[in-house]
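Structural features, examined
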Amino acid sequence: MDWANRFRCRTAAVSFLLAVSFAQCGGFPRQNYVTEALLAYNLLGAAAGAGCVLTGGSTNCPLNISGVVTSLATVGLSMPNGITSDGTYIYVADSGTHRILKVEISTGTVSVVAGSGAAALVNGTGAGAQFSTPRAITTDGTNLYVADTSNHVIRKVVISSGVVTTLAGSGVGAFADGTGAAAQFNFPAGIASDGTNLFVGDTDNHRVRKIVISTGVVSTIAGSGVAGFNDATGNLAQFNFL
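Because the structure is a prediction, the values reported are computed rather than measured.

The rules behind these values
- Residues numbered from 1 in each chain as written.
- Predicted model: local features only at pLDDT ≥ 70, side-chain atom pairs only at ≥ 80, totals over all residues.
- Heavy atoms only, no water.
- Pairing = 2+ DSSP bridges.
- Helix = DSSP H or I, 4+ residues; strand = E, 2+ residues; numbered from the N terminus.
- Phe/Tyr/Trp six-rings, centres within 6.5 Å; stacked < 30°, edge-to-face > 60°.
- Buried < 20%, exposed > 50% of the residue type's maximum accessible area, 1.4 Å probe, protein only.
- Lys NZ or Arg CZ within 6 Å of the ring centre and 35° of its normal.
- Core = buried A, V, L, I, M, F, W, Y, C linked by side-chain atoms within 4.5 Å.
- Contact = heavy atoms within 4.5 Å.

Inspection of the sheet shows strand β15 (residues 188–193) paired to strand β16 (residues 197–202) by five bridges, in the antiparallel sense. In the strand pairing of β16, Pro-188 is matched with Asp-202. Counted along the chain from β15 to the antiparallel partner β16, the turn is three residues long, and its residue Gly-195 has a positive phi close to 95°.

Written out as structure tokens, the structure reads:
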């Protein structure tokens, strides 16, 4: 089975299957992501009477858990690292093509929402915009919010028009709280939303950041900036490449 360019979809575990597929094709840049994906698979597999066996530095994982698994889309994808959905489409942060794609759930049709395919930081519409290794994505149903990882910024994409703007980040890998371009991230690779704010896993800053969607104001919720492990409050807590 070709995992390198295959997008795997399961009703209740889409993100999980992507993690496993990337573990097999080497899509994740950090080994601990691979380990965590395999551990998750082992736990789920054990509960359902299936297992995941490491062989020759790669994985041999027969997917034998309840539910039907199918290939929703196989064309036009290269390193799909993040997904979100509005119920009709799955939106994909496709790191390998530096694009934001959408997959129609009912048909599996893949199309480009935004991105030219070249790695750069350019705001614009549709193919006129550019990303660099986008790795995480979330939606509020109207807009997509993208952790544009190698550009060190958070982007906003209007779903209906494909218009891309930079919500926060200067484009330089560093750390700073602030508003819009005055804020700085360092390889942000995770993003979620509560509808009012965005929460960002600022990977190489070892911090969790918050962005007010309406204003672009960026603040730090937790993390000292030093890689480590410590449960505590605010900047007394420590993370390691979250």
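Having seen the structure, we can now continue with the description.
Below, the discussion takes up the packing of aromatic side chains. Here the distance between the centres and the angle between the planes together describe a pair of aromatic rings. If you walk through the whole model with that rule in mind, you get one aromatic pair. Judged by centre distance (6.2 Å) and plane angle (45°), the rings of Tyr-89 and Tyr-91 are tilted. For Tyr-91, a relative accessible area of 1% puts it in the buried group. Lying over the aromatic face of Phe-175, Arg-207 brings its terminal NZ or CZ to 3.6 Å of the ring centre.

Here the focus is the nonpolar core. Among the nonpolar cores identified, the biggest contains 14 residues, and Ile-154, Phe-185, Ile-191, Leu-198 and Ile-211 are the most heavily contacted of them. Setting aside residues up to four positions removed in sequence, Ile-191 forms contacts with Ala-136, Ile-137, Thr-138, Tyr-145, Val-146, Ala-147, Ile-154, Leu-198, Phe-199 and Val-200. Of all hydrophobic cores here, the second largest spans 12 residues; its members include Tyr-91, Ile-137, Val-146 and Val-157.

So, about the pairing of strand β10 (residues 134–139). Of all the six residues making up β10, five are buried; the element is thus mostly covered by neighbouring parts of the structure. Taken together, the five bridges between β10 and strand β11 (residues 143–148) define a ladder with antiparallel strand orientation. Note on β11: the bridge partner recorded for Ala-136 is Ala-147. In sequence, β10 turns back onto β11 through a hairpin of three residues, with Gly-141 there showing a positive phi of about 95°.

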